[in-house]
Amino acid sequence: MLERMRPVRALRADRAQLLGASGTAAPPRASLPNAPGARAGRGLPLRLAAAAVARARRDRIVQALIAILAVGVALRVWITLVWAPAFTGYSDSGIYFDDAHTTLWADPIRTQGYSMYLDVMHAISPYLAPAIYGQELAGLIAAVVAYLAVRRCGGPRWLGLAPAAALALAGDEVILEHTALSDSLFIFLLMAMLYCAARAAFSGSLRWAGACGLVVGLGVWERGAGSVMGAVICLWLLFALGRPSRRTLALALLAGVCALGTVGVYVAWRKLESGMPGLLSANNAWNFYARAAPWANCNDFTPPAGTSALCEYTPTSQRTLQGGGEYIYSPDSPAQQLFGPPYRVSSYPHAMELMQEWTEAAILGEPLEYLHAVWLDTLRLFDPNHPSYSDMSADELMAWLRWGPEERPPGKNEFVEYWQHKLYPSEGAPHHGDVAPLFAWEEVTRLDGVLMGLLLALMLAGPFALGGRVRERAPRLRSGMVLFGLSALAMLFFPILVKGYDYRFVIPAYAPLAAAAAMSAWGLYVRARSWRPLAGRAEHARLPLQRSS
């Protein structure tokens, strides 16, 4: 009887607590302005922050991530104080300043995402320094996003520390973030693509698939070479969970549609405001031409009609122009003499179509020469200074960023300085201190030589390393490794196939390559540990047989 009365008594007590003296319902205590519940609500952010700090104290992985970010912050603060406002020796910086100052569509070769960024940041502050601070902040955020992307793929959480360290600590990343170039923002967008793709595939979320497509499109705005990531991510989404299903097909299609729609907005905007030909750029065939021009010999293929002026018949060793960059920017280039300079839209009818056709004819007519050029550039992934038909080794790039074309102190790039002053007339004189320690750190953390070979070997071993029992423990990790591995290969080899080696194009592959290699290394470690007990049991099983005989 007493047990049955307790719920009734509790109900009456609750009713008495809620009713006031007049018998009407009183408002909840938390709704009163000075009630303890209201004060607790106002203190919720502090409690959450305290809980996060307490968790970080107990979580060694979070502590390691915080330490990586702290060192990354220190590196960026130091370079900001020593060399202000930025490294501006590379000529592309002047082109971006020009576009942001005059019109977004002044440059007919590059996409204009970075010029848009400079334009927006200039509206906020008429100085270059805040734009550089934004890039450095984006680099640190990209490190966190890379960590979270790997965490979404399953497996030990510490695997995500590898790409986070590659982004936060590598000297190349720090230097590019302090440079007025598009690379750092493209790397940030690349990490966002991979994170959104992992969220979409492993949760089946259409919303994340749409976000992934949007970021892929913005990556194309930032750099035309980002278009290859659209194909990589859509194919991966289709096969991320194994055999394609209706859900994975919907994810891939939605990501592709959103990417194409975002790129379509750029194309329409450009066409409406500039009236220039082409889709992403007006002079889109120049980079492809630079891939074939240094070694193409018209004795070995038939040039298309109207392109004979592009032909050379002398051996490559006897030519005045050697690298692909010289065939783009030198006035002695056959293409410049026929179509005019690459920084202007040619008045020659169908100039880019003819240049594209000539390059395709050269590659199809001399496939062995093309493969040889690709092979020479592939060797430069391990030895950046190895001779090839392409340009800008790691050492040359670092010298250009600091000193411009002279590549030594006290060099400067007058073209960049002219447009920098036009865009930022109120900015004071630059401060150039001793940055030798940072560039020495860049050499130490540079991914080349044996380290590059080891990371690529681990990545290629990933499908085997993450199979079998390892896949049972972390079923998503193998698929995630494929995502990061394909992205790294795309960043490494797409430029080599269509333009030529440039060390700038290698750096975006650092983080996905480090992530894929870390996943694969963990899989190999787990396999090695599982083999040891099996080998011991097999040896123990053989011993009695030997004794009985």
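Residues numbered from 1 in each chain as written. Predicted model: local features only at pLDDT ≥ 70, side-chain atom pairs only at ≥ 80, totals over all residues. Heavy atoms only, no water.

Draft legend 1. Representation of the state of the cysteines. For the coordinates displayed, the defined rule picks out 1 disulfide. Each disulfide pairs two cysteine sulfurs, and for Cys-298 the partner residue is Cys-311, the sulfurs being separated by 2.0 Å. Here the disulfide of Cys-298 and Cys-311 is left-handed, its torsion about the S-S bond being about -80 degrees. Of the two residues, Cys-298 sits in the loop between α14 (286-292) and α15 (324-329) while Cys-311 sits in the loop between α14 and α15, which places them 13 residues apart along the sequence. Take Cys-298 and Cys-311: they sit in the same class, and that class is buried. In this structure Cys-196 is not part of a disulfide, and its nearest cysteine sulfur, from Cys-212, lies 5.8 Å away. With a relative accessible area of 7%, Cys-196 lands in the buried category. (Disulfide = S-S within 2.5 Å. Helix = DSSP H or I, 4+ residues; strand = E, 2+ residues; numbered from the N terminus. Buried < 20%, exposed > 50% of the residue type's maximum accessible area, 1.4 Å probe, protein only.)

Draft legend 2. The arrangement of unusual backbone geometry in detail. Cis geometry marks the peptide bond from Ala-84 to Pro-85, where omega comes out at 0 degrees. Mapping Pro-85 onto the fold places it in the loop between β1 (83-84) and α5 (91-101). A positive phi angle is found at Met-392, which is not glycine, with a value near 50 degrees. Topologically, Met-392 is positioned in the loop between α18 (367-379) and α19 (394-403). Residues other than glycine seldom take positive phi values, yet Glu-407 does so here, at roughly 60 degrees. With respect to the secondary-structure elements, Glu-407 resides in the loop between α19 and α20 (414-423).

Draft legend 3. Here's a closer look at the packing of aromatic side chains. Applying the stated criterion across every chain, the model contains 20 aromatic pairs. Ring centres of Trp-105 and Trp-269 lie 5.5 Å apart, and the angle between their planes is 80 degrees; on these two criteria the pair is classed as edge-to-face. Here Trp-105 is found in the loop between α5 and α6 (113-124), whereas its partner Trp-269 is found in helix α13 (residues 246-274), with 164 residues between them in sequence. Residue class for Trp-105 comes out buried when judged on its relative accessible area of 3%. Ring geometry for Tyr-289 against Tyr-327: centres 6.3 Å apart, planes inclined by 70 degrees, an arrangement best described as edge-to-face. Within this pair, whereas Tyr-289 is found in helix α14, its partner Tyr-327 is found in helix α15, the two being separated by 38 residues in sequence. Here Tyr-289 and Tyr-327 have matching classes, each one buried. An aromatic cluster is built from Trp-286, Tyr-289, Phe-301, Tyr-327 and Trp-358, whose rings are joined through pairwise contacts. (Phe/Tyr/Trp six-rings, centres within 6.5 Å; stacked < 30°, edge-to-face > 60°.)

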